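Below, each chain spelled out in residue letters.
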Amino acid sequence: MASEILNKLCNKAKLERDRGFEELKSHLNNQPDEQTLDAIENDLLYCINSSDEWETRHGGMRGAICVLQQTKSKRNLEEHARGFSMALVDKALNLLDDGEFRVRIVAGELLGLLCSILGEAVYEDGRDKILSGIQTNLERHGLSEDTVVNHEDNDPPESILGMSPNTQSSWIERRSSNSSQIFHDTAGWKSLETYMKCLQSVILGYGPGFNQFVDQELLDLIFETLSHTNRFVRETGYYVCGALVTCGAKNKNENDSQAKLAETNAIFRHGQMFSVYLAKGLADNWSQVRMAGSVATRQFLSNLPSQEAKEKFFPSLLPPMCLNRYYMAEGVRIYSQETWRQITQGDGKALVEKYIDKVVEFYLSSTESDNHAVREAACACIAELGSKIDHSVVSPYVQRLLETLLDCFKDDSWPVRDAACIACGQFVLCFPDQSRPVLSSLYPLFFANLQDNISSVRQGAATAICNVVKAYDGSENEIVLSKIKEGFDNIKTQPATTEKYSSAMDTGPATFGVVKHLRDNDPDLHTDKQMYSCGSLAPKMGRGGGCMDHQFKKPSEPWEMADGCVLLLSELSQIQSLHTSLGKLMTSMAKVCEMKGYAQYPHLLETVCKQLPNIAKGLGKRPFKMHLELFLDHIFYALESEVALTSSAASECLVELSLFLGPGIMRGRIQQYNPTYLHQFETIEGIPPA
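Residues numbered from 1 in each chain as written. Predicted model: local features only at pLDDT ≥ 70, side-chain atom pairs only at ≥ 80, totals over all residues. Heavy atoms only, no water.

A. The overall build of the protein, seen in detail. Counting its secondary structure elements, the protein contains 39 helices and 0 strands. Each of the 690 residues in the protein was classed as buried or not, and the buried ones make up 54%. Considering only contacts in the protein between residues 6 or more positions apart, those separated by 24 or more positions represent 75%. For the protein, the accessible surface area stands at approximately 30,400 Å², while carbon and sulfur atoms represent 50% of it. (Helix = DSSP H or I, 4+ residues; strand = E, 2+ residues; numbered from the N terminus. Buried < 20%, exposed > 50% of the residue type's maximum accessible area, 1.4 Å probe, protein only. Contact = heavy atoms within 4.5 Å. Areas by Shrake-Rupley, 256 points an atom, 1.4 Å probe, with all protein chains shown as cover.)

B. How the structure looks around helix 33 (residues 579–592). Between the first and last C-alpha of helix 33 there are 20 Å, a value that for 14 residues agrees with the 20 Å anticipated at 1.5 Å per step. Three or more residues of helix 33 are buried, namely His579, Leu582, Gly583, Leu585, Met586, Ser588, Met589, Ala590 and Val592. In this fold, the buried residues of helix 33 make contact with helix 30 (477–489), helix 32 (558–572), helix 34 (601–619), helix 35 (621–625) and helix 36 (628–639). (Expected span 1.5 Å × (residues − 1).)

C. Local environment of the environment of serine 50. Secondary-structure assignment places serine 50 in the loop between helix 3 (34–48) and helix 4 (54–71). In this structure serine 50 comes out as buried when scored by relative accessible area, which is 14%. Residues serine 50 and glycine 60 lie 10 residues apart in sequence; the distance between their C-alpha atoms is 9.0 Å. Discounting residues that sit within four places of it in the chain, serine 50 has contacts with Thr56 and Arg57.

D. Looking closely at the confidence of the model for the protein. Looking at the protein as a whole, its pLDDT mean stands at 82, while 79% of the residues score no less than 70. Confidence, read as mean pLDDT per element, is least for helix 31 (residues 512–518) in the protein (39) and greatest for helix 32 (96). Note on residues 531–540: pLDDT under 50 across the span, and 28 contacts to partners over four residues away in sequence or across chains. Across residues 544–551, confidence stays below pLDDT 50; counting only partners more than four residues off in sequence or on other chains, it has 17 contacts. (pLDDT = per-residue confidence, 0-100.)

E. Region of interest: the packing of helix 2 (residues 14–29) against helix 4. Packing of helix 2 against helix 4 brings their axes to within 10 Å, and their N-to-C directions diverge by 30°. The angle between helix 2 and helix 4 places the two elements in the roughly parallel class. Here the hand of the crossing between helix 2 and helix 4 comes out right-handed. Each of Arg17, Asp18, Phe21, Leu24, Lys25, Leu28 and Asn29 in helix 2 lies in contact with helix 4, whose residues at this interface are Trp54, Glu55, His58, Arg62, Gly63, Cys66, Val67, Gln69 and Gln70. The class makeup of the residues in the contact of helix 2 with helix 4 is 6 nonpolar, 5 polar and 5 charged. (Axes fitted to C-alpha atoms, helices over the stretch in contact; angles between N-to-C directions. Parallel < 35°, antiparallel > 145°, perpendicular 65-115°, else oblique. Left-handed = near helix turned anticlockwise from the far one by under 90°. Nonpolar A, V, L, I, M, F, W, Y, C, P; charged D, E, K, R; others polar.)

F. Main features of unusual backbone geometry. Of note, the phi angle at glutamine 345 is positive, near 55°, even though the residue is not glycine. Judged by its relative accessible area of 55%, glutamine 345 is exposed. Notably, aspartate 473 is not glycine yet its phi reads approximately 50°, a positive angle. Among the structural elements, aspartate 473 can be located in the loop between helix 29 (455–472) and helix 30.

G. Molecular detail of a negative patch on the surface. A cluster of acidic residues, Asp90, Glu120, Glu124 and Asp125, forms a negative patch at the surface. Here the negative patch gets 3 residues from one element, more than from any other, and that element is helix 7 (residues 120–139). Tracing the backbone shows aspartate 90 in helix 5 (residues 79–94). (Patch = residues over 30% accessible without salt bridge, like charges linked within 9 Å, V, L, I, M, F, W, Y side chains within 5 Å. Salt bridge = Lys/Arg side-chain N within 4 Å of Asp/Glu carboxyl O. Lys, Arg positive; Asp, Glu negative; His and termini not counted. Charge placed at Lys NZ, Arg CZ, Asp CG, Glu CD.)

H. Local environment of the packing of aromatic side chains. Within the structure shown, the criterion is met by 17 aromatic pairs. Ring geometry for tyrosine 206 versus phenylalanine 210: centroids 6.1 Å apart, planes at 35°, classification tilted. On the accessibility criterion, phenylalanine 210 (0% relative accessible area) is buried. Ring geometry for tyrosine 206 versus phenylalanine 213: centroids 5.7 Å apart, planes at 50°, classification tilted. (Phe/Tyr/Trp six-rings, centres within 6.5 Å; stacked < 30°, edge-to-face > 60°.)

I. Seen up close, the nonpolar core. Among the nonpolar cores identified, the biggest contains 203 residues, and Leu199, Phe210, Leu244, Phe300, Leu572 and Met589 are the most heavily contacted of them. In this structure, Ala329, Val332, Ala373 and Val374 belong to the second largest nonpolar core, which totals 5 residues. (Core = buried A, V, L, I, M, F, W, Y, C linked by side-chain atoms within 4.5 Å.)

J. Layout of the environment of glycine 112. Within the secondary structure, glycine 112 is located in helix 6 (residues 101–118). Relative accessible area serves as the criterion here: at 6%, glycine 112 is assigned to the buried category. Glycine 112 sits 85 residues away from lysine 197 along the chain, and the two C-alpha atoms are 9.8 Å apart.

K. Examining the packing of helix 22 (residues 356–366) against helix 25 (residues 398–408) more closely. Packing of helix 22 against helix 25 brings their axes to within 10 Å, and their N-to-C directions diverge by 15°. Here helix 22 lies roughly parallel to helix 25, going by the angle between them. Relative to helix 25, helix 22 is oriented so that their crossing is left-handed. Contacts between helix 22 and helix 25 involve Val360, Glu361 and Leu364 on the former and, on the latter, Arg400, Leu401 and Thr404.

L. Seen up close, the pattern of salt bridges. Here the structure, examined in full by the defined rule, presents 30 salt bridges. Note that glutamate 476 and arginine 436 form a salt bridge whose closest N and O atoms lie 3.6 Å from each other. You can see glutamate 476 sitting in the loop between helix 29 and helix 30 and its partner arginine 436 sitting in the loop between helix 27 (432–435) and helix 28 (439–450), a full 40 residues away along the chain. Overall, arginine 436 belongs to the partly exposed group, its relative accessible area being 41%. Close ionic contact of lysine 483 with glutamate 486 constitutes a salt bridge, the shortest N to O distance being 3.8 Å. Note that lysine 483 and glutamate 486 are positioned in helix 30 at a spacing of 3 residues, about one turn of the helix. Glutamate 486 gets classed as partly exposed once you look at its relative accessible area, which sits at 38%.

M. Region of the structure containing helix 25. For helix 25, the full list of buried residues reads Val398, Leu401, Leu402, Thr404, Leu405, Leu406 and Cys408. Contacts made by the buried residues of helix 25 are with helix 22, helix 23 (372–388), helix 24 (391–394), helix 26 (414–430), helix 27 and helix 28.

N. Structural view of the state of the cysteines. Tallying each qualifying case throughout the model produces 0 disulfides. Considering cysteine sulfurs only, cysteine 609 is the nearest to cysteine 593, which forms no disulfide, with 7.7 Å between them. With a relative accessible area of 1%, cysteine 593 lands in the buried category. (Disulfide = S-S within 2.5 Å.)

The following block contains the structure:
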C-alpha cells in the first residue's frame, strides 16, 4: 500500500483518517492485482497488531473494513483471502477490550462485516466473549439485586402480562433513586456500551440468519440492558433489540399459522416479552431512549408476517405508539407519526376504537407521569379521543377523562395546563350533556387561563370557552359575555408603573442566608437531587396546587385579562348569533386601547392589531365598518411603536383590512378620519397607490 495512504489512515487527526479511508477506497476501485492486495492486507494486519498509538490500530481496522467491503464481491474466499478474514476475527475479538473506545467500536463493526462474509463461524468463535463482556460490565458496577431480570420461562409471568402497559413498565423499572446511584444515570459504563454495539453489528451482519442463535440466555441479557439504570445503556440496548427483531424477516410468511410461527420464528415466540419491554422503551423518561424504543418497535412490528400476528401485541404497544405522535421531542413525534401510518395502514381510528379500554387506561396513567412533556401529550391525545373517535365508543369514559383533565388543569407546567384546557373545551363541545355537571368547576379554570401570564395559554382558553358557547347554543352566553365586559372594564385598575417581575420579587431587606439559598450556586439546591437534561425536558414539576398557587407563576395583571378577552372576542366573532352582542363590546375593546401608562401596553396593542382582521371577517364588512374608526388611532400608534412585533402587527393589520374591505374603501375611511394617516397607509408594502 502507498505509504501516504497508510499514514493518513493512522493519523492523529480524524479529518486525515477519513481522507485516508476515501483514498484507499479509490485505490481499491482501480482493481489492483492479487500481489498488491496481499501487500495491502499485510500492512493492515501489521497496523492492527501495533501496541503503540490507538490511531494505528484504529486505522488498520478501518482499512481492513474498506478492503473487505470493496473486494468481497470480486474475490473468492479461498486460500490467502479467507486467511486474511479469519486472522481479522481473532484480532477484532481481542480489541474489544482495548483501552480506547473508538478502537472498540470499529472492532465491533469489523466483526459484523466478517459475519456477513464468513457466516456462523464468527459468532460461534466470539459468542462467549461478547456475551460475557456485556454481562461482566453489567455486574461489576454494583447494580442492586432487583436490577437483574430473571425469566424462568419464555414469557413473563401471567400477572405481569395482565397488567396495564404503565404497570408493566413499573414492574421492569430498575432505575436507582438514592444519591449513591444518581451518577450512574448519565455517566459512561466503560466497555458495556461498545460490547453491545458489537453485538448489534454482529446481528445486522448475519441478518435473518441470526434467528438460530436467539435463545433465552441472549434475551435475558438484552432485556437486562433495557432496564439498566444508565440511560445510554438503555438506549443502546433498544437499538440492539431493534436489530435482533429483524431476524424474524426470514420467516415472513403470511400463510403461516401462529403455532408454526412460534416454532420457526424466535422473535414471534418470545414476542410477548418483547412487547412488554418495547412498551417500556416507548414510555421512557429520556427522549433518546424513547426514540430508540420507537425504532425497535417499528422494526418489531414491521417484521411480523401478518396483521393477525401484529394484533397479538397491539394491547401493549398501540397506546404508547399513539401517544408518542404528540410527544414534545420533534424526532420522536415525527418518527412515531410515520410508524403509525405504516403499522395501522389507514386503520388507526378503528384500532383505537377496538382497543379503547387499553388506550384510555394508558392515557390516564400518562397524565401522572413525572415528565411534563408526557402529561402534555396525554392531554392532547385525550382531546383527540373526543374529536376523532366515535362518540358512542368514548362515551363510557367521558366522566373519568374529564376528571383527569380537571386535575391536569391545575398542573405546575403551563403547557400541560394549556393542553388540558383545550382538551376540556373539546370534550364539552363533543359531549355537552355529560360535561354539564363539571361546568361549575371548569369556568374558574377557563377564566384563570384566560388571564394567564403566557399568551399561548390565553389563546387556548379563548378557544376552549368558545367551544363551550357553541356546545350549549346560547345558554352560556351571558356568563361569557359578562366576563369579557368585566375584563375590559378592569383595565382601569392596571398600575401605571408595573415592572415585568415586580409582583414576584420581595422588595424588603434580605438576610444573607435567605439570598444564598435562592441562588443557583447554592449546593443545597443540587445535592441528592435527580439529574435531568434535555432528554427529560425539564425538572419534575409537581401536579396539583391550582393554576395560581405554585411558585413558578406570578399573579395575573389586568392587562393580561384584557388581552385574553380580546382573543376570546375574536373567537366568538365567528358565531353569527352573537354578532349583535359583540358589536356592543367593540366600544369597550377600543377603550382598552386608550390606557397607555404601563410597560406592557405594546403587547396588548399587538394582540388587538392581530385580531382585528379576524373580528372583521367574523362580523362581516358592513357591521365592522361601523367600528373601524374606533381603532384607527390605535393601529397607527402601533405602526410607529419601537417594539418591532407591535409595529409589524399593525402593518399586517392594515394590509389585511384593506384586502377585506377593499383598498378604495379603506383609503377613503382613513382620509375621512385623519388625512395625515394616508401617507403612512400608502407606503405600506402591498397597498395599491391612489
